[in-house]
Amino acid sequence: MNNNAFLDWFERRGGEYARDLIGLQDFPDTGRGAVALKDIEVSVIPFYWSNPREEGGLRLKLQLQEDETLFEIPRDLVLSTRTSELPRLLGEEDWESLGSGWASLIICMMWEEAKGPEGKWGDYFASMPTTFNTLMFWSDEELAQLKGSTILGKIGKAEAEADYREKVLPLITRRPDLFPPAAIATHYSLERYHINGSRILSRSFHVEKWSGKDQNQESDEDSEEPKDMDVDDSGSSEDDDEEREDTADVGMTPMADMLNARHGCNNARLFYEEGVLKMISTKRILKGEQIWNTYGEPPNSDLVRRYGHVDFVPMEDGTFGNPSDVVEISGDIAVKLVDAEELEQRVDFFLEEGGEDVFVIEAGDDTLPEDLLVFLRLLLLSPPEWRKAKEKESLPKPKPDAESLKLARRVLEERIKEYPTTIEEDDALLQQDTPQNLRSAVIVRLGEKKILRKAMQIVDSTLEELAAKGGKDKKRKRGTKEDDGAGKKSRR
């Protein structure tokens, strides 16, 4: 479907957009997106009100200038399990057989798309992509290029296919009144299931049912907070996992999903009101510039998993990458490097005290994560110290010492060995003309290895500082002892 046909459908279904401000076009590096047709001034202004719960007694809210809204989406045009007719037609028993995961929304999408142009969202589906560069669709050879990155364990393809075989397909076959057998191969196949799942992963928004108050804030009768709108807080990769998110609050949002995103470029945001969702510019946008939404600035590993692209933008050190990149380190690496009694019990104790078995280092970190230091120090406790920690139910403090830092260095070395290529080799690959998926894989693994290299540099510099400090302390102690002795002699 061309852009004009989609925009015509959007308006016929009650959507509104500022024809003089916004249009759709294809961009060379991001594909279809929204473009400013003329200079767009900032359309949100700060508004403060008294709130005794907030530090300083003031709280900031963005208030709209209505004449600058880019577009409005009626809530009933958002495709979700609340707006689709399928749950009602299936009945409670069959609907609940799908469970609480993504299968319920995916089957609604397949069913609505099967209606074709006559369906409410028919023309919307015609505007959606059917091919993706997300990890779900990478070949085994392409995925092998991500060896070393923990993102390989988060693709979820096997789990999705199990849901299809065990939940979706049985429901489809026992309800021919809603899913004609002749349509299964074209509209309800495993391939269509993956396509619609990927549409959700890459294009959906978190749209809670309107409660009549600002849904981002706790109820507080004494608060003078305005209750006229809510703000889209979707975009955090981990918070979008199905165990943390009610799939009834996830919806396909026409027009809003046309906006692309890039780290640090967002200049528009989705605001929620009782009957509509409004996309509002948050920065001045010049004519011809792309209008960017935000994905919450996730790391490249999650960008390629969800959206099929990576961010490769200027960094503070003069290189290119994603400032939000992270690298994960399994606690098992440290356990294998330590020879101490009751290692398994120590790990269990750490987890029982609220620790995690995976440690995250972020691109901007200038110190080692405190939880990693605590874990390493716990593993290195002497038997008497370990027994004392158990008795007191107290973990070590995250204070770096030479022994724990040396172990941290070995952990980082072992972790970076999990990648089959070096940083220098990856830098060289990026100078070549490579296929998109290979380039994305190189950028993901390069960003993670640079974080590990920086962490090793931090460890080395901290060890040097401790050594220098230790030498000074020893000299000071010796001097103090001699001074004390001389004092005593003089007093004699």
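Quick notes on the rules
Residues numbered from 1 in each chain as written. Predicted model: local features only at pLDDT ≥ 70, side-chain atom pairs only at ≥ 80, totals over all residues. Heavy atoms only, no water. Buried < 20%, exposed > 50% of the residue type's maximum accessible area, 1.4 Å probe, protein only. Helix = DSSP H or I, 4+ residues; strand = E, 2+ residues; numbered from the N terminus. Pairing = 2+ DSSP bridges. Contact = heavy atoms within 4.5 Å. pLDDT = per-residue confidence, 0-100.

Asks: What am I meant to see in the pairing of strand β11 (residues 268–272) here?
Replies: Successive side chains on a regular strand alternate, one facing one side of the sheet and the next facing the other. Of all 5 residues that make up β11, 4 are buried, and the element is covered over most of its length. One ladder, built from 5 bridges, connects β11 with strand β12 (residues 276–281); its direction is antiparallel. Residue pairing in the sheet places F271 in a bridge with K278 of β12. Hairpin connection, β11 to β12: the antiparallel pair is bridged by 3 residues.

Asks: Is there a simple way to explain the sheet that holds strand β10 (residues 260–261) in this structure?
Replies: Within a sheet, each strand pairs with its neighbour through backbone hydrogen bonds, oriented either parallel or antiparallel. One open sheet accounts for 4 strands, arranged β2-β3-β13-β10; its pairing is mixed. At either margin of the open sheet sits one strand with a lone partner, and together these are β2 (22–27) and β10. As paired elements, β2 and strand β3 (residues 31–36) share 6 bridges and run antiparallel to each other. Across the sheet, the residue bridging to L24 is A34, located in β3.

Asks: Would you mind going over the environment of V276 with me for this structure?
Replies: Checked against the element boundaries, V276 lands in strand β12. Counting along the chain gives 261 residues from V276 to G15, while the straight-line C-alpha distance between them is 9.1 Å. Among all residues touching V276, those that are not within four sequence positions of it are E72, I73, P74, R75 and F271.

Asks: Is there a simple way to explain the confidence of the model for the protein chain in this structure?
Replies: It should be kept in mind that the predicted coordinates are not to be read in detail where pLDDT is low. When pLDDT is averaged along the protein chain, the result is 87; 83% of the residues meet or exceed 70. Counting interchain partners and residues more than four positions distant, the pLDDT-below-50 stretch residues 49–57 has 20 contacts. This model gives residues 235–243 a pLDDT under 50, and the stretch forms 17 contacts once residues within four places in sequence are excluded.

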